[in-house]
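Residue-level listing of the chains:
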Amino acid sequence: MLDLLLANGLVVTPSGATKLDIGIIGGTIISLSQPGSRTPDSARRVIDLRGQTVVPGGIDPHVHTNSVLPTAAESGIKCFGPDRVSEGAIYGGTTTLVDFAHWQPGDDLSDSFARKSAEWQGETFTDYALHGTFKEPEIPFEVLDQIPDAVANGHGSYKVWMTNTTPTRPKQKTDLGNIWGLMQQTASAGAMLAVHAEDDDIVMYAYKRLQSEGKTALPYMPDAHNKLSEQLSFQRVITLAAHVGAPIYLMHVSAREGVNAIREARGKGQPVYGEVLPHYAYFTQESYKRDDGAIYHTYPSLKSADDRDSMWESLLQGTLSTLATDGVCTDFDVKTRGKTILDATGGHAGVEMRMAVAYTEGVAKRGLDLTRFVDLTSANAAKILGIYPQKGVIAIGSDADLAVLDTNVDRAITSADLHEADYTPWEGYRVAAWPTMTILRGQVIVEDRKLKTGPQGELLKQHVSSDVRSRPAC
Ligand SMILES: [Zn+2]
Ligand SMILES: [Zn+2]
C-alpha cells in the first residue's frame, strides 16, 4: 500500500519531462509508473496533478539566518531565523536550505555545527545543511586537523571570505596562506570549499578613494566591488585550487570576468563551480539609483547590463551551475536602513520566489529545457554539496521532496502573497510558474497556499562524490 500516489503530473526526471505517477512510501519515492498503471485503491491518498509540473524540491545552497547584520552591528539587528526563511522556502517549492555554521575561536569544529544546528532543529519546514565557515585571518592547525572527522560525520562543505567586504564591518577575511592550508584539508578529506571571492586590496583601496571624493552613495557600489576585483580574486583562488587539486564553489558570481575565469578553469578540467543569484541575472547597477535601491543590493554588487547578460548566457551554456539567493531575510525598514556603499545591508528576501523566477527567466523566456531547470534549481546544488541522489532528483529511492508548479499562469509577484518578509525585490515581476504544492519526504507541507504541518526539517549529511571533486561534473 502506497502512502501517497501523485497521479498524472508532468514529472521532470534526469531523462526528461513525461507524464508519470509517483508512488511514495514513508519519505521515499518507490515507484515511477505510467499514469493509470496503479489503481487509486493502492494508495492511502491520491492527488491528481493533471496539468501540473512536478520537479524535485528546490535546493537553495546559500542562505543566512539569525546573522547579526554587519552594517547594523551597533544595533545587534539580526536577519530572520530558520523558521521564517524556511516557511518562505517551502511555500516557494524549495525543500532544502544550506546555511552557515561559523567557527569561533575556542570552538572545536563540532561545537560550531552543533550550535548552528540547534537553531534549525525543530524550527524548520525544510531540510537543511550547513557550510562550516571561517571568518578569522588565521585558522589554528588543531582546527584544520579536525576537518577529516567533521567531513566523515557528514559536514562536507566549508566557506571562506577573501575580503572584509567593507571597511566598516567586523573582519571576516582569511589570508591566502590560511586558505591554502584549509583547501589542502578540505580536498584531502573530500569536502567542497565555497569561496566569497573579492580582492581585498582592490576593494579597500577603491573604498578609500571613493570616500575621499565623497562618492559613497549606493550607485557607487560597483566602483568599490568592481570587475577587476572579481577577475583578480577568481584567478587567484582558482590558481590555488589547481595547485592543491581542490574542488571549489565560487559564490555569487557577479561579473563577466568571473564567468570567464570559471569557464577557463573548467575548460582545463578543473572542478570549479559557479553560483548565480537570480537578481544578479535580472537587475543591473541602474537599480541602485532608485529610492528603494538598497533592496536590490547583495555583496559584491550588481553590475552592468553586459555582466547581467553573462549570467543567463553562462547558465544556459553550463559554465555556471547553480541559482542561489544569498538570502538575508529582513523587513523593508531594516533592508533599507543603510543607504551608502559603507553600510548597505547585503542579501535580501528572495528565497520564496527563486523557483518561479528561475522558471520564468529560464524556461519561459529562454527555452531552457525542464531537466536543465531542475539542474540549476536543485540537482547541481545537491551534487556539488554532496546530498545527491538523496535530494535533487525524482528517482526511485530518493527522498520524496517535490515541488508542484502551475506553469499555466501569468501573474505578478506581490509581497502580500509571500511569507518571508514585508517586501520583495520582485514586486510587480510577472511569473510564468506558481508553486501550488510542496512535499517534503512524502509529507504534503503546503497545499492550496496553506501550511499543512508543523516544522519537520532535518539536518542532512553531505558526502561529495569523487566525480564532483575531480572534474567539472555539473
Ligand atoms: Zn558572500
Ligand atoms: Zn552570503
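Model, not experiment: these values are computed from the prediction. (Residues numbered from 1 in each chain as written. Chains lettered and ligands numbered in written order. Predicted model: local features only at pLDDT ≥ 70, side-chain atom pairs only at ≥ 80, totals over all residues. Heavy atoms only, no water.)

A. Highlighting the coordination of the zinc ion (ligand 2). Those protein atoms acting as donors to the zinc ion (ligand 2) are His62 (NE2), His64 (NE2) and Asp326 (OD), and they sit at 2.0 to 2.2 Å. Between consecutive donor residues of the zinc ion (ligand 2), the sequence gaps follow H-x1-H-x261-D. For the pair the zinc ion (ligand 2) and the zinc ion (ligand 1), the metal-to-metal distance amounts to 3.8 Å. Here Asp326 lies in the loop between β14 (322–323) and β15 (327–328) and His62 lies in the loop between β6 (58–60) and β7 (63–64), a separation of 264 residues in the sequence. Each member of the pair, His62 as well as Asp326, is classed as buried. (Donors = N, O, S within 2.8 Å, 3.2 Å for Na, K, Ca; no water. Helix = DSSP H or I, 4+ residues; strand = E, 2+ residues; numbered from the N terminus. Buried < 20%, exposed > 50% of the residue type's maximum accessible area, 1.4 Å probe, protein only.)

B. Expanded view of the coordination of the zinc ion (ligand 1). At this site the zinc ion (ligand 1) is bound by His196 (ND1) and His252 (NE2), with donor distances of 2.1 Å. When its relative accessible area of 4% is taken as the criterion, His196 is described as buried.

C. Seen up close, empty space enclosed by the protein. Throughout the structure, instances matching the rule amount to three cavities of 30 Å³ or more. Empty space within the largest cavity amounts to approximately 50 Å³. Surrounding the largest cavity, Pro278, His279, Thr325, His348, Gly350, Met353, Arg354, Val357 and Trp426 form its lining. Its residues assigned to classes, the lining of the largest cavity comprises four nonpolar, four polar and one charged. (1 Å grid on protein atoms, 1.4 Å probe; cavity = no way out; pocket = protein on both sides within 12 Å on 5 of 7 lines; lining within 4 Å. Points joined across faces, edges and corners; volume = space filled by probe spheres on them. Nonpolar A, V, L, I, M, F, W, Y, C, P; charged D, E, K, R; others polar.)

D. Up close: the layout of surface pockets. In this model, the largest pocket occupies a volume close to 880 Å³. For the largest pocket, the lining is made up of 41 residues, of which Ser67, Val68, Pro70, His102 and Lys135 are closest to its centre. Going through the elements one at a time, β8 (94–103), α2 (109–120), β9 (127–134) and β10 (157–161) are the ones with two or more residues in the lining of the largest pocket. The element best represented in the lining of the largest pocket is β8, accounting for five residues. Of the residues belonging to the lining of the largest pocket, the class tally is 13 nonpolar, 17 polar and 11 charged.

E. Inspection of the domain arrangement of the protein chain at higher detail. As assigned here, the protein chain comprises domain 1 (2–56 + 392–449) and domain 2 (58–391). Distance from the C-alpha centre of domain 1 to the C-alpha centre of domain 2: 28 Å. Of the roughly 3,800 Å² buried between domain 1 and domain 2 on both sides combined, carbon and sulfur atoms contribute 64%. It is Glu420, Tyr423 and Trp426 that lose the most area in domain 1 upon contact with domain 2, and together they represent 22% of the buried surface on that side. Summed over the shared surface of domain 1 and domain 2, the result is four salt bridges. One salt bridge connects Glu352 with Arg449, and the closest N-O pair in it is separated by 3.4 Å. Where domain 1 touches domain 2, the interface holds 18 residue pairs in polar contact (both at pLDDT 80 or more). Those elements that provide at least two residues to the side of domain 1 that touches domain 2 are β1 (2–13), β2 (16–25), β5 (53–56), β16 (402–406), β18 (430–431), β19 (434–440) and β20 (443–447). Looking at the side of domain 1 that touches domain 2, the element that brings in the most residues is β19, giving five residues. (Domains from an automatic or database assignment. Buried area = accessible area lost by both parts, 1.4 Å probe. Salt bridge = Lys/Arg side-chain N within 4 Å of Asp/Glu carboxyl O. Polar contact = N/O pair within 3.5 Å; in protein donor to acceptor, adjacent residues only side chain to side chain.)

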